[in-house]
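The primary structure of each chain is shown beneath.
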Amino acid sequence: MPKRKPKLIRTTSVPPATNRRRDAAAHLLRGTCYGLGTGLVSLAARWIQQHG
């Protein structure tokens, strides 16, 4: 008698599509924050160069 493969048990109750959407939203937010931070630092450096 051949051995049966064990069934995979899903450990989360969240569907994979929801995980992908959440990950995409988190990456979008992180990228936006990095972009805003970089822009603000650039503006501050420019202001210091002009007024310093």
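This write-up is about the structure you can find in this document. Predicted model only: the values in this text are computed from it and were never measured. (Residues numbered from 1 in each chain as written. Predicted model: local features only at pLDDT ≥ 70, side-chain atom pairs only at ≥ 80, totals over all residues. Heavy atoms only, no water.)

## Structural notes on the overall build of the chain
- Scanning the chain from terminus to terminus reveals one helix and zero strands.
- Relative to the 2.2 N^0.38 estimate, which gives 10 Å for 52 residues, the radius of gyration of the chain is 24 Å and therefore markedly larger than a compact globule would have.
- Its C-alpha atoms give the chain principal-axis dimensions of about 85 × 20 × 10 Å.
- Buried positions account for 0% of the 52 residues belonging to the chain.
- In the structure as shown, the chain presents an accessible area of about 5600 Å², 64% of it carried by carbon and sulfur atoms. (Helix = DSSP H or I, 4+ residues; strand = E, 2+ residues; numbered from the N terminus. Rg over C-alpha atoms; globule rule 2.2 N^0.38 Å. Buried < 20%, exposed > 50% of the residue type's maximum accessible area, 1.4 Å probe, protein only. Areas by Shrake-Rupley, 256 points an atom, 1.4 Å probe, with all protein chains shown as cover.)

## Focus on the environment of R22
- For R22, the location among the structural elements is in helix α1 (residues 16-51).
- Separated by 22 residues in the primary sequence, R22 and A44 have C-alpha atoms spaced 33 Å apart.

## Quick look at the environment of A44
- Within the secondary structure layout, A44 lies in helix α1.
- Between the alpha carbons of A44 and T11 there is a distance of 47 Å; along the sequence they are 33 residues apart.

## Details of the environment of L8
- As for its position among the elements, L8 is in the segment before α1.
- Residue classification places L8 among the exposed positions, given a relative accessible area of 88%.
- Note: C-alpha distance between L8 and G37 (29 residues apart in sequence) is 43 Å.

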